[in-house]
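Spelled out, the chains give:
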Amino acid sequence: MARSFHDRQSPTPNPMSHAAADFQVPFEIRTGAEQRVPFVFNSPHSGQSYPDRFLGMTRLGRDTIRRSEDSYVDQLFSAAVTLGAPMLVAHFPRAYLDVNREAWELDPRMFSEPVPSFVNIRSARVAGGLGTVPRLVGEGLDIYPGKLPLAEAVDRIETIYKPYHECLKRLVGATHARFGAAVLIDCHSMPASIRVGDTGVRPDFIVGDRFGMSAAPALTEHAIGLLAAMGYTVAHNKPYAGGFITEHYGRPTRGLHALQIEVNRGLYMNERTFQREPGFDALADDLARFVADLMALPEHYLQIPPLAAE
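Counting of residues starts from 1 at the beginning of each chain's written sequence and follows it residue by residue. Given that this is a predicted model, residues contribute local features only at a pLDDT of at least 70 and side-chain atom pairs are listed and counted only at 80 or more, while totals for whole chains, interfaces and linings are drawn from all residues. Side-chain numbers here rest on the full set of heavy atoms in the structure, without hydrogens or water.

Asks: Help me out: how do you make sense of the packing of aromatic side chains in this one?
Replies: Aromatic ring pairs are defined here through the distance separating the ring centres and the angle between the ring planes. Pairing of aromatic rings covers Phe, Tyr and Trp, the last through its six-membered ring, and needs centres within 6.5 Å; plane angles under 30 degrees mean stacked, over 60 mean edge-to-face, and all others mean tilted. Tallied over the full model, the rule gives twelve aromatic pairs. Judged by centre distance (5.2 Å) and plane angle (85°), the rings of F54 and Y96 are edge-to-face. Taken together, the residues span a long stretch of sequence, with F54 in helix α2 (residues 52-57) and Y96 in the loop between β3 (87-90) and α6 (124-127) at a distance of 42 residues. Here F54 and Y96 have matching classes, each one buried. Here a helix means four or more residues in a row that DSSP labels H or I, a strand means two or more in a row labelled E, and each is numbered from the N terminus. With a 1.4 Å probe rolled over the protein chains alone, any residue whose accessible area is under 20% of its type maximum counts as buried; one over 50% counts as exposed, and the rest are partly exposed.

Structure representation (structure tokens):
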């Protein structure tokens, strides 16, 4: 089981928070008049606000640093709000802070001071430069020219990461209390260059359920089937099975389900210019139908077979 960030003892945050000044509104909940379905949508990597202070700290230009951004994903899934589900949307960019990581998943090589002993320095994500405060962006490009003060990472985690997850936890908990079950759909995009296995097939979507650990199998199969029926190529768990959010919030035996959905950027945008392509509206329409059909799934799809629950 993933350790909750609530289990950690946090260092004392910077009393003069730069992160609070960087983002007066770091994220928002988009909702309709009333939540009508047991679904919560989350778009943690679509933030497009790059504060001048942050850009001044980096060695990359504004366009280059956007290469890890899940551009427009919140807009692609916007029909979810109209259909009665809340959506949590990040405004801060992934290059600044990645909330799809453990709270203290940090690379000690990035900082001018030693990191505390409770920090996870050995995860594969840290080794790849993609910790909570990322070291790399895009195709392995260093974000910073030198080391950061550890207080910078602490400030971002205390000021933005923790409130973000507290908000997401409340949304999922309130949904579960009201409907008896909750389904978290974690929305992402992936580079058009992604291929699956030895076949070289380019997937349009990847549905991740942590290899069956974060959602009822029938829910996952239903999501894949809906997309495939629209003519899309859909992969399951490979190469993306879901990150911290899917792993941490998905507890299907307790009625808490989480799916990660990756959309191929080649379907809707130019990855060099970050402009929408003509296919954007058609894809958004398809995703509106997908979301509506997914929300209409029978209640028994969220049940776990007895043997699977043991």
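Asks: Would you take a moment to explain the state of the cysteines for this structure?
Replies: In protein structure, a disulfide is the covalent linkage between the sulfur atoms of two cysteines. Pairs of cysteine sulfur atoms within 2.5 Å are identified as disulfides in what follows. Enumeration according to the criterion identifies zero disulfides in this entry. Just so you know, C167 is unpaired, no disulfide at all, and the nearest cysteine sulfur is the one on C187, 15 Å from it.

Asks: Would you explain the sheet that holds strand β2 (residues 39-43) in this entry?
Replies: The strands making up a sheet are joined through hydrogen bonds of the backbone, oriented either antiparallel or parallel. Criterion used throughout: strands pair if DSSP finds at least two bridges between them. Pairing is mixed in the open sheet, where seven strands are placed in the order β1-β3-β2-β6-β9-β7-β8. Only two strands of the sheet have a single neighbouring strand rather than two, namely β1 (27-30) and β8 (234-236). Between one strand axis and the next, the sheet turns through 20° on average, direction left out of account. Pairing geometry for β2 and strand β6 (residues 182-190), over four bridges, is parallel. Between N-to-C directions, angles span 0 to 180 degrees; the directions come from axes that are lines fitted to C-alpha atoms, helices contributing only their stretch in contact.

Asks: What is the right way to look at the packing of helix α8 (residues 217-229) against helix α10 (residues 280-295) in this model?
Replies: Two numbers describe a pair of packed helices, the interaxial angle and the distance between the axes. Interaxial distance between α8 and α10 falls to 10 Å at its minimum, and their mutual angle equals 150°. The angle between α8 and α10 falls in the class roughly antiparallel. Read as a crossing pair, α8 and α10 show a hand that is right-handed. In this structure, α8 contributes L219, H222, A223, L226 and L227 to the contact, and α10 contributes F290, D293 and L294. Residue type decides the class: Asp, Glu, Lys and Arg count as charged, Ala, Val, Leu, Ile, Met, Phe, Trp, Tyr, Cys and Pro as nonpolar, and the leftover types, Gly among them, as polar. Partitioning the contact of α8 with α10 into residue classes produces six nonpolar, one polar and one charged. Should an angle lie under 35 degrees it is considered roughly parallel, over 145 roughly antiparallel, and from 65 to 115 roughly perpendicular; all remaining angles are considered oblique. Crossings are classed by handedness, with left-handed meaning an anticlockwise turn of the near helix from the far one by less than a right angle and right-handed meaning a clockwise turn. Residue contacts are counted whenever heavy atoms from the two residues lie within 4.5 Å of one another.

Asks: It is not clear to me how the environment of D293 should be interpreted in this structure. Could you clarify?
Replies: You can see D293 is positioned in helix α10. For the pair D293 and V25, spaced 268 residues apart in the sequence, the C-alpha separation amounts to 32 Å. Excluding its chain neighbours within four sequence positions, the residues that come into contact with D293 are H222 and L226.

Asks: I tried to follow the environment of A282 on my own but got confused; where do I start?
Replies: Position of A282 relative to the elements: it lies in helix α10. Judged by its relative accessible area of 45%, A282 is partly exposed. Each C-alpha atom, one on A282 and one on L259, is 23 Å from the other, the two residues being 23 residues apart in sequence.

Asks: Even after reading the chapter, I still don't get the nonpolar core, so can you show me in this structure?
Replies: Nonpolar side chains tend toward joint burial in soluble globular proteins. Residues F92 and L97 are the most contacted members of the largest nonpolar core, which totals 47 residues. Counting residues per element, this core draws most heavily on helix α7 (residues 150-179), at eleven residues. Formed by 43 residues, the second largest nonpolar core is a distinct cluster that contains A85, L283, A284 and V291. Among the buried residues, those of types Ala, Val, Leu, Ile, Met, Phe, Trp, Tyr and Cys that are joined through side-chain atoms within 4.5 Å form a nonpolar core.

Asks: Where do I start with the confidence of the model for the protein in this structure?
Replies: A residue's pLDDT is the confidence the predictor assigns to it, expressed on a 0 to 100 scale. With 93% of its residues at a pLDDT of at least 70, the protein reaches an overall mean of 93. Predicted confidence for residues 1-14 stays below pLDDT 50, and this span has 34 contacts to residues more than four positions away or in other chains.

Asks: What am I meant to see in the pattern of salt bridges here?
Replies: Pairing is possible between side chains that carry opposite charge, provided their charged atoms lie close to one another. The term salt bridge refers to a side-chain nitrogen of Lys or Arg lying within 4 Å of a carboxyl oxygen of Asp or Glu. The final tally for this structure, using the stated rule, is 20 salt bridges. Residues K162 and E158 are paired through a salt bridge, measuring 3.6 Å at the closest nitrogen-oxygen approach. One end of the pair is K162 and the other is E158, both in helix α7 and four residues apart, which spans about a single turn. Classification of K162 by relative accessible area gives buried; the value is 11%. With a closest N to O distance of 3.8 Å, R265 and E271 form a salt bridge. By relative accessible area, R265 is classed as buried at 5%. On the basis of relative accessibility, which here comes to 34%, the residue E271 falls in the partly exposed class.

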